[in-house]
Amino acid sequence: MPNFDNTFLLLFEGYGWLPARRRGASGEVVHTRVMGQRAVGLRGPDAARFFYDEDHVERGTALPGFVKSTLFGHGAVHTLDGTAHRVRKAMFMSLMTGEGIAALVDATTAAWDAAAASWTGGRRVVLFDETARILTRGVCPWAGIPLDDADVPALAADLVALVDGFATLGPRHWRARRARARREEWLGRLVRDVRGGAVTAPPGSPLDVAARHRDADGELLDARVAAVELLNVIRPTVAVTWFVTFAAHALHRWPRHRAALRDGDATLTEAFAHEVRRFYPFAPFVGGRAVRELSWRGERIPAGALVLLDVYGQNHDPRLWEDPYAFEPRRFVGRRLGAFDLIPQGGGDPAAGHRCPGETVTVALLRALVTRLARLDYDVPDQDLTISLRRVPARPASGFVLTAARPAATGRLASQPGSRAARS
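Residues numbered from 1 in each chain as written. Predicted model: local features only at pLDDT ≥ 70, side-chain atom pairs only at ≥ 80, totals over all residues. Heavy atoms only, no water.

1. Here's the deal with the pairing of strand β1 (residues 30-34)
How we decide: Burial here depends on accessible area, computed with a 1.4 Å probe over protein chains only, as a share of the maximum for the residue type. Under 20% is buried, over 50% is exposed, and the range in between is partly exposed. Secondary structure elements follow DSSP: runs of H or I no shorter than four residues count as helices, runs of E no shorter than two count as strands, and numbering proceeds from the N terminus. A pair of strands counts as paired when DSSP detects no fewer than two bridges linking them.
Burial along β1 is one-sided: V30, T32 and V34 are buried, and none of H31 and R33, which face the opposite way, are. In terms of strand pairing, β1 meets strand β2 (residues 37-42) through 5 bridges, oriented antiparallel. Across the sheet, the residue bridging to V34 is Q37, located in β2. Hairpin connection between β1 and β2: a loop of 2 residues separates the two successive antiparallel strands, and M35 in this loop has a positive phi of roughly 50°.

Structure, rendered in structure tokens:
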């Protein structure tokens with residue numbers, strides 16, 4: 001019913017909301033209303049290409065305030081379009097060099113190895129929480145952000161909160177708002193100290209680049225906006241926590257994949273990383289706004305309407321992925337991915353459009369960390385490993401608890417005690 005506001009159903013149904021509306025649609029376009037606004041839902045590679053064309057859809061005016069106040073920040077690159085977006089995006093792309101990504105992976109794997117050494121002796125480890133702290137320890141020095149070890153748990157918790165609270169109006173949302181206020185103030189002071197000479201940022205580090213960046217108007221970023229963009233470097237890196245925890249969940253449910261990862265098979269390790277990002281729920285959809293009167297597959301999209309690209313639905317579309325609800329990394333072996341096929345972090349060219357510039361970082365970190373995870377033996381005690389598709393962003397309910405971690409014995413796979421199975 002296109003005149004019925006679906007906001008409550010969206011909050012209740014989560015990832016299943018837009019696919020459910022699609023099943024009830026008569027054509028290729030879902031017509032609905034969200035937050036009092038007319039909206040259309042699209043799915044598929046051609047729809048993604050249409051969505052990421054700035055002549056069709058703009059992003060800046062479509063982001064609701066509660067998302068800006070939690071996940072992205074006000075004034076962030078995600079709120080820009082056209083030349084302003086491309087100039088700001090170039091700042092991020094300058095950090096995503098092969099050498100820069102390798103340095104981040106090295107810093108993070110060193111933090112993982114140090115942490116994993118403390119997991120022995122029967123210690124109970126909540127992998128989600130541990131991974132967030134590991135990624136925080138890895139990304140901050142790489143970004144040029146000074147951080148005492150004692151401050152890592154609080155910062156990691158705040159960075160997780162920014163992601164965990166963007167799609168709810170409950171307590172998680174308000175934790176995220178408070179976390180953003182704290183961290184923008186902290187990083188804003190740091191930017192001002194760099195500009196004033198009280199702090200020296202490592203040359204070429206994200207701190208140095210954000211403090212010195214000039215936007216399309218030739219002006220330095222406001223210190224608060226520079227802080228927002230620094231958070232948009234370190235926050236998505238720590239968000240890889242979700243994928244690492246999902247990877248552990250996958251290894252627990254389908255342990256046959258462990259041997260290839262343990263042996264360092266580079267092709268299958270990358271395929272495993274892609275399948276984790278495809279199979280598990282992260283972003284339910286992305287949104288923009290029609291810049292003019294449009295038509296998609298013969299159906300009208302009014303100017304100003306919200307345009308929602310169904311990310312979860314596309315990543316589980318049987319027209320694109322054979323047996324899409326099976327976890328099968330080998331589907332990516334030998335498959336050449338189009339720029340609009342696998343879209344857990346957006347579609348198109350990251351340099352020119354709104355695809356996440358940190359996607360290569362996500363894949364690189366996943367490759368490194370899932371290999372280390374596979375090379376550990378550990379027990380998985382009874383726990384709640386269900387993954388609710390009503391919770392956005394989704395995560396295993398228990399955070400994935402492991403105990404008795406030890407280096408893997410040759411030819412032996414980690415034990416697989418019975419835990420409550422995932423529902424997805």
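2. Focus on helix α7 (residues 127-143)
What counts is decided by this rule: Take the residue count of a helix, subtract one, and multiply by 1.5 Å to get its expected span.
For α7, spanning 17 residues, the distance from its first C-alpha to its last is 24 Å, which sits close to the expected 24 Å at 1.5 Å a residue. Among the 17 residues in α7, 13 count as buried, and that is most of the element. A positive backbone phi angle near 85° is found at G144, which sits one or two residues after α7.

3. A look at the packing of helix α12 (residues 240-253) against helix α14 (residues 266-279)
Counted only if it meets this: Whenever a helix is involved, its axis is fitted only over the stretch in contact; in every case the axis is a line through C-alpha atoms, and angles between N-to-C directions fall within 0 to 180 degrees. Under this scheme an angle from 65 to 115 degrees is roughly perpendicular, one under 35 degrees roughly parallel, and one over 145 degrees roughly antiparallel; angles in between are oblique. Residues count as neighbours in contact if any of their non-hydrogen atoms are within 4.5 Å of one another. Put simply, Ala, Val, Leu, Ile, Met, Phe, Trp, Tyr, Cys and Pro go in the nonpolar bin, Asp, Glu, Lys and Arg in the charged bin, and everything else, Gly too, in the polar bin.
Remark: α12 packs on α14, axes separated minimally by 10 Å, with the N-to-C direction vectors making an angle of 105°. Relative to α14, α12 is oriented roughly perpendicular. On α14, the residues that touch F243, F246, A247, A250 and L251 of α12 are F272, V276 and R277. Its residues placed into classes, the contact of α12 with α14 shows 7 nonpolar, no polar and 1 charged.

4. Re unusual backbone geometry
In this chain, V392 is followed by P393 through a cis amide linkage whose omega measures -5°. Mapped onto the elements of the fold, P393 is located in the loop between β9 (376-379) and β10 (401-407). At M35, a residue that is not glycine, the phi angle is positive and equals roughly 50°. Relative to the assigned elements, M35 resides in the loop between β1 and β2. The exposure class assigned to M35 is partly exposed, which follows from its relative accessible area of 38%. In this model, F400 sits at a positive phi of 65°, which is unusual for a non-glycine residue. For F400, the position within the fold is in the loop between β9 and β10. Given the relative accessible area of 0%, F400 is considered buried.

5. Overview of the pairing of strand β5 (residues 286-290)
Among the 5 residues in β5, 4 count as buried, and that is most of the element. Here 2 bridges tie strand β3 (residues 57-58) to β5, and the two strands are oriented antiparallel to one another. Opposite E58, over in β5, you have R289 as the bridge partner. Here 4 bridges tie β5 to strand β8 (residues 306-309), and the two strands are oriented antiparallel to one another. Following the sheet pairing, G287 is matched in β8 by L308.

6. Some thoughts on the packing of aromatic side chains
Put simply, the rule is: For Phe, Tyr and Trp, where Trp contributes only its six-membered ring, two rings pair if their centres lie within 6.5 Å, and the inter-plane angle classes them as stacked under 30 degrees, edge-to-face over 60, or tilted in between.
Inspection of the entire model under this criterion finds 18 aromatic pairs. Here the aromatic rings of F50 and W296 are separated by 5.1 Å at their centres, their planes lie at 45°, and the arrangement is tilted. Here the residue F50 occupies a position in helix α3 (residues 45-51), and W296 occupies one in strand β6 (residues 294-296), the gap between them amounting to 246 residues. Like F50, the residue W296 is buried in the burial classification. Arranged with centres 5.0 Å apart and planes meeting at 5°, the rings of W254 and F327 form a pair that is stacked. Taken together, the residues span a long stretch of sequence, with W254 in the loop between α12 and α13 (258-262) and F327 in the loop between α15 (311-314) and α16 (359-374) at a distance of 73 residues. Comparing W254 with F327 shows no difference in burial state: the two are buried.

7. Digging into the confidence of the model for the protein chain
Applicable threshold: A score from 0 to 100, pLDDT tells how confident the predictor is in each residue.
For the protein chain, per-residue confidence averages 92 on the pLDDT scale, and residues scoring 70 or more make up 96% of the total. The low-confidence segment residues 411-424 (pLDDT under 50) makes 46 contacts with residues lying over four places distant or belonging to another chain.

8. Considerations on the sheet that holds β8
Overall, mixed pairing links the 5 strands, which are arranged β1-β2-β8-β5-β3 in an open sheet. Strand pairing shows two members of the sheet lacking a second neighbour, β1 and β3, which therefore form its edges.

9. Some remarks on the nonpolar core
Put simply, the test is: As used here, the term nonpolar core means buried Ala, Val, Leu, Ile, Met, Phe, Trp, Tyr and Cys residues forming a set that is joined through side-chain atoms within 4.5 Å.
Counting 98 residues, the largest nonpolar core has W112, W119, F272 and Y280 as the members making the most contacts within it. It is helix α11 (residues 223-238) that provides the largest number of residues to this core, a total of 10 residues. The contact partners of Y280, leaving out residues within four places of it in the chain, are F246, H249, A250, W254, E275, F327 and I387. Membership of the second largest hydrophobic core comes to 20 residues, among which are L42, W296, V307 and I343.

10. Here we look at the environment of G41
Checked against the element boundaries, G41 lands in strand β2. Overall, the relative accessible area of 2% leaves G41 in the buried class. In the structure, G41 is positioned 230 residues away from A271 in sequence and 29 Å away in space, judged by C-alpha atoms. Residues in contact with G41, not counting those within four places in the same chain, are L18, E28, V29, V30 and L308.

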